[in-house]
Amino acid sequence: MFDYTVLQVIWWALIGTLLIGFALTDGFDMGACVLLPFVARNDTERRVVVNAVGATWEGNQVWFVTAGGATFAAWPRVYATAFSGFYIALLLVLFALFFRPVGFDYRGKIADPRWRGFWDWALFGGSLVPALVFGVAFGNLLQGVPFEFDADLRSTYTGSFFALLNPFALLCGLVSLSMLVTHGAALLQLKTDGAVRARAARAQRWAGLIGLVLFALAGVWVATALPGFRMQANGNAVAAAGAWMDNYARWPAMLIAPVLGLLGLAGAAALSGRHSGAAGFLSSGGALIGIILTAGFSMFPFIMPSSTDTVHSLTVWNSTSSALTLEIMLFAVIVFLPLILVYTSWVYKVMFGRVTNRVIEADQHTLY
């Protein structure tokens, strides 16, 4: 149906789309839960925040699961290398995510302030850790990951967990956290009212401004000081300062991604506190799309460059499954992705509406 090279690029774009879908949906869940201890001052207000995302958070995680499955099927070598190299970090994310479903379901089981306070902080930690670690992971990908393959194509990771926590990676982690907090605050403005909405507006303003500064700082770092990777004419990779800027010179249209990221964060900060909140939410969503596309456009065709031996770097061209596998999966995507989008849109339409103190106080049993 398609040339193999075209299929490889299509699947690079599809996996990027799944990551963006995850950030846009489950991202506001995480951002709202990170804000939970700060925008809600009593149990009723905390229930308002929890129920603002409570109707959709489980469905939103479908994007994360699907992205993981697509990576396993389309980029098996990347999946295996990443899980062996980032093993401790991924376990940390997994254990943190355990607290989210338990926190949502168990928080309201006992009307005890200490019980509910514990689960409030569990939801906070279970959302903050993944938001931070995902950004740290991308920061390490941009720097190159210390791995190499032996003669049997078994990968050996030569780094450590604490080596992942380097200054540039932590900066990327803070960019990730700030953009998700901005998105979560924007959702709370759409879904709540009163004091919670006012505090969320202030959080959106500050998170947007902080994210704007951090994203710009990361961009300057990448352009001027961070060694990147580029492909040579012989097909091998080489590390070089400023190499991550090559694609923008080759395809200037890609500059729309960082511009969208910067304008989205600036718009989210400027639009915080407006009456409807829809413009701020769309702006924060645009920022998410722009920031993720910036990372993808900068690294293309690299997926997981090797800082130990650049020849062993994993790219779109050497890491994908067979053409038959990609074609079969593409047919599945053509059939099922529209269905997912339709039922997701329907759920959001049905569940749309503000969660207020009055709604919470009138329903002490079926709501979280």
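Use the structure listed above.
Model, not experiment: these values are computed from the prediction. (Residues numbered from 1 in each chain as written. Predicted model: local features only at pLDDT ≥ 70, side-chain atom pairs only at ≥ 80, totals over all residues. Heavy atoms only, no water.)

Q: Explain the packing of helix H3 (residues 57-74) against helix H12 (residues 323-351) to me, using residue names and the numbers behind them.
A: Between two packed helices, what matters for the description is the angle formed by their axes and the separation of those axes. One can describe the packing of H3 onto H12 by two numbers: an axis separation of 12 Å at closest approach and a directional angle of 175 degrees. In this view, H3 runs roughly antiparallel relative to H12, as classed from their interaxial angle. Residues Asn60, Val62, Trp63, Ala73 and Ala74 of H3 pack against Thr325, Leu326, Met329, Leu337, Ile340, Leu341, Tyr343 and Tyr348 of H12. Considering only residue class, the contact of H3 with H12 consists of 11 nonpolar, two polar and no charged. (Axes fitted to C-alpha atoms, helices over the stretch in contact; angles between N-to-C directions. Helix = DSSP H or I, 4+ residues; strand = E, 2+ residues; numbered from the N terminus. Parallel < 35°, antiparallel > 145°, perpendicular 65-115°, else oblique. Contact = heavy atoms within 4.5 Å. Nonpolar A, V, L, I, M, F, W, Y, C, P; charged D, E, K, R; others polar.)

Q: Describe the layout of surface pockets, with residues and values.
A: If you add up the space inside the second largest pocket, you get close to 590 Å³. Going through the elements one at a time, helix H1 (4-39), helix H2 (43-54), helix H7 (167-191), helix H11 (278-299) and H12 are the ones with two or more residues in the lining of the second largest pocket. Broken down by class, the residue content of the lining of the second largest pocket amounts to 14 nonpolar, nine polar and two charged. (1 Å grid on protein atoms, 1.4 Å probe; cavity = no way out; pocket = protein on both sides within 12 Å on 5 of 7 lines; lining within 4 Å. Points joined across faces, edges and corners; volume = space filled by probe spheres on them.)

Q: Give me the lowdown on the environment of leucine 187, citing residues and values where you can.
A: Within the secondary structure layout, leucine 187 lies in helix H7. Taking the C-alpha atoms as reference points, leucine 187 and phenylalanine 134, separated by 53 residues in sequence, lie 21 Å from one another. Apart from the residues lying within four places of it in its own chain, the contact partners of leucine 187 are Phe28, Ala52, Val53 and Phe281.

Q: Please set out the side chain of serine 283 residue by residue, giving values where relevant.
A: Residue placement: serine 283 occurs in helix H11. At 3.1 Å, the side chain of serine 283 forms a polar contact with the backbone nitrogen of alanine 268. Serine 283 has contacts with Leu263, Gly264, Gly267, Ala268 and Leu271, leaving out every residue within four places of it along the chain. (Polar contact = N/O pair within 3.5 Å; in protein donor to acceptor, adjacent residues only side chain to side chain.)

Q: Describe H12, listing the residues and the values that go with them.
A: The α-helix advances 3.6 residues per turn, and as a result positions three or four apart in sequence lie on the same side. Between its first and last C-alpha atoms H12 spans 41 Å; for 29 residues at 1.5 Å apiece the expected length is 42 Å, and the two agree. Of all the bends in H12, the greatest reaches close to 30 degrees and is centred on isoleucine 334; the proline proline 338 follows between one and four positions later. Taken residue by residue, H12 has Leu326, Glu327, Met329, Leu330, Ile340 and Thr344 as its buried positions. For H12, the secondary structure elements touched by its buried residues are H1 and H3. (Expected span 1.5 Å × (residues − 1). Bend = angle between axes of the 7 residues up to and from the residue. Buried < 20%, exposed > 50% of the residue type's maximum accessible area, 1.4 Å probe, protein only.)

Q: Outline H3, listing residues and values.
A: For H3, built from 18 residues, the straight-helix expectation of 26 Å at 1.5 Å per residue is met to within 8% by its first-to-last C-alpha distance of 26 Å. Within the sequence span of H3, burial applies to Trp57, Asn60, Gln61, Trp63, Ala67, Ala70, Thr71 and Ala74. Next to the buried residues of H3 lie H1, H2, helix H4 (76-85), helix H5 (87-106) and H12.

Q: Quick rundown of the pairing of strand E4 (residues 237-241)? Include the residues and the values.
A: Bridge analysis of strand E3 (residues 227-231) against E4 gives five bridges, and the strand direction is antiparallel. In the strand pairing of E4, methionine 231 is matched with alanine 237. As consecutive antiparallel partners, E3 and E4 are separated by five residues, and within that stretch glycine 235 has a phi angle of approximately 90 degrees, a positive value. (Pairing = 2+ DSSP bridges.)

Q: For the side chain of arginine 107, give the residues involved together with the corresponding values.
A: With respect to the secondary-structure elements, arginine 107 resides in the loop between H5 and helix H6 (113-143). Under the relative-accessibility criterion, arginine 107 is labelled buried at 3%. At 2.8 Å, the side chain of arginine 107 and the side chain of aspartate 43 are in polar contact. Discounting chain neighbours no more than four positions away, the residues touching arginine 107 are Asp43, Arg46, Arg47, Val50, Val102, Trp115, Arg116, Trp119 and Asp120.

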